[in-house]
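# Structural overview for review
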Amino acid sequence: MKRYNRMWRRIMFMAIATVILAMFGMRATFAQDASAATPTMEDLTAVKVSIDTAWVLLTGFLVFFMQCGFAMLETGLIHQKGAANALLENFIDAGLTALCWWAVGFGIAFGTDSGGIIGTSYFFPGMAHMNETFPGLNISVLTMFFFQFAFAATASTITTGAMAERTDFIGDLIYSALIAIFIYPVVAHWAWGGGWLSQQGFHDFAGSTVVHTVGGVIAIWGAWMLGPRKGKVWGKIPPAHNLGYATLGTMILWFGWYGFNPGSTLGAGSPGLIALVTLNTTLGAAGGAMATILFMYARTGKWDLAGSLNGTLAGLVAITAPCAFVEPWAAVVIGLVAGILVILAADVVEKIKVDDPVGAFAVHGANGIWGTIAIGIFAVPGMLFAGPFAAGGAMEGQGGLLYGGTSLLGVQVLGSLSTIIYCSVTAVLMFGLLKVIGRLRVHAKADEIGIDNYEHGVSLWPDVLPPDDGDSPAVKAPATAGAIGD
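Before going into details, it helps to say that this report is about the structure given with it. All values derive from a computational prediction rather than experimental measurement.

Thresholds applied
Residues numbered from 1 in each chain as written. Predicted model: local features only at pLDDT ≥ 70, side-chain atom pairs only at ≥ 80, totals over all residues. Heavy atoms only, no water. Salt bridge = Lys/Arg side-chain N within 4 Å of Asp/Glu carboxyl O. Helix = DSSP H or I, 4+ residues; strand = E, 2+ residues; numbered from the N terminus. Buried < 20%, exposed > 50% of the residue type's maximum accessible area, 1.4 Å probe, protein only. 1 Å grid on protein atoms, 1.4 Å probe; cavity = no way out; pocket = protein on both sides within 12 Å on 5 of 7 lines; lining within 4 Å. Points joined across faces, edges and corners; volume = space filled by probe spheres on them.

This next bit is on the pattern of salt bridges. One pass over the full model with this rule turns up eight salt bridges. Notably, a salt bridge pairs Asp355 with Arg229, separated by 2.8 Å at the nearest N-O pair. Here Asp355 is found in the loop between helix H11 (328–351) and helix H12 (360–378), whereas its partner Arg229 is found in the loop between helix H7 (208–226) and helix H8 (243–260), with 126 residues between them in sequence. A salt bridge links Glu350 to Lys232; the shortest N-O distance between them is 2.9 Å. Residue Glu350 is located in helix H11, and its partner Lys232 is located in the loop between H7 and H8; the two are separated by 118 residues in the primary sequence. The same class applies to Glu350 and to Lys232, which are both buried. One salt-bridge network, in which partners are shared between bridges, spans Glu165, Arg229 and Asp355.

What follows is the structure, encoded as structure tokens:
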């Protein structure tokens, strides 16, 4: 026992001695470092680049996580027999958009400006751009690529919700690719890539127009040209099959929006601005949620969960463009208006007999427009240059109507209208072509047995709704779309 105790005392002594020697070594090293030359400007720049890169990538990861939120929200709001189809469309759209954005979309959106219309560089970015700093920022071209890819993926995902349960899967792949290659990148270049809208002084801090109006407008055209789901009763919204999924999806989206909006600073050098954007984002979401739930209670006498979820998203969409330019009280007002607007817009969509299962246009289209216009009303003078894309010298020093500004509102309306027109024309051409080749609407058999069964041969809950393998052909005739309204 004594020998055992002596052994452990020797081990402890050696450990203590090792720690002491290590401490003296560290002090000597620190002393040498202290005597070395002070950090250079290059050293400080490298630190700033590292911090900004970490910030942009982290927020980009949050934006990408929103894909999960969209998938859960859409799946919860539609019928059970289309749940697997919705999940696969949302999932595969992210992968397809990544490839299209890498090859073409990013270059059109953020490449060297050509005539204020499109970009002409940064196609297939790779190792040559690894250490190349993106113009005007402290992040690399590749970091910028990833952050903006997450935004691009959102635009096509918005569209899938309005077209849920009845879109041919190959058609979904085609239109998602076209959105990522040509439709979304062109609008992004106009507003964010040095294009003609930014030159006019148009402002959209994080995408009420560039992301949400684009997605919402394409969505309503797609839903209209598809026609309604079989058995659709106008004036009666089908009940969501799983409000738990829808609620989880909405919470994920709200969480992801803290990457969407604060991350659009594209750097961590303005902590006060990041804090303001975060606060305004929170207040916009809260205002939308409260306005919708109270409005629906006044209308129905019931506390409406599904309505309040869309109200929250409407508030988030509306505050996305002005979040860096307005006072917190204005963010509340913008959210409150959005919470009412989303219900009224959904009513209009229903009255014109367009089947939008998740209210994609009411949430993203109508409130993307509202958020863009809100800048022209509530923008605080001197705040319009917050953020890397707010480079419109024509609006320097301008504020919104409430602060005596008269020009900004017109520019914001111009930007919104031009986006609506461009997306409408391209969407009609795109969906029209898909209809001609028989790849817009899924085969009529899917209406009978369910799109999950027909397109994928699976059921999300096979013990409750088992798939019928006999009615899910591996090879089927090209889908034919009926006339609008059939």
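Moving on to the layout of surface pockets. To find leftover empty space, one rolls a probe the size of a water molecule over the atoms. As a volume, the largest pocket reaches approximately 850 Å³. Lining the largest pocket are 32 residues, and of these Ile237, Met296, Asn310, Ile343 and Ala346 sit closest to its centre. Taken together, the elements giving at least two residues each to the lining of the largest pocket come down to helix H9 (271–300), helix H10 (305–320), H11 and H12. For the lining of the largest pocket, the leading source of residues is H11, giving seven residues.

Turning next to unusual backbone geometry. Residues apart from glycine generally show negative phi values, whereas peptide bonds are mostly found in trans. Phi angles above zero are rare outside glycine, and Leu266 is one such case at about 55 degrees. As for its placement among the helices and strands, Leu266 is situated in the loop between H8 and H9. Overall, the relative accessible area of 2% leaves Leu266 in the buried class. Of note in this structure, Lys353 is not a glycine but carries a positive phi near 60 degrees. As for its placement among the helices and strands, Lys353 is situated in the loop between H11 and H12.

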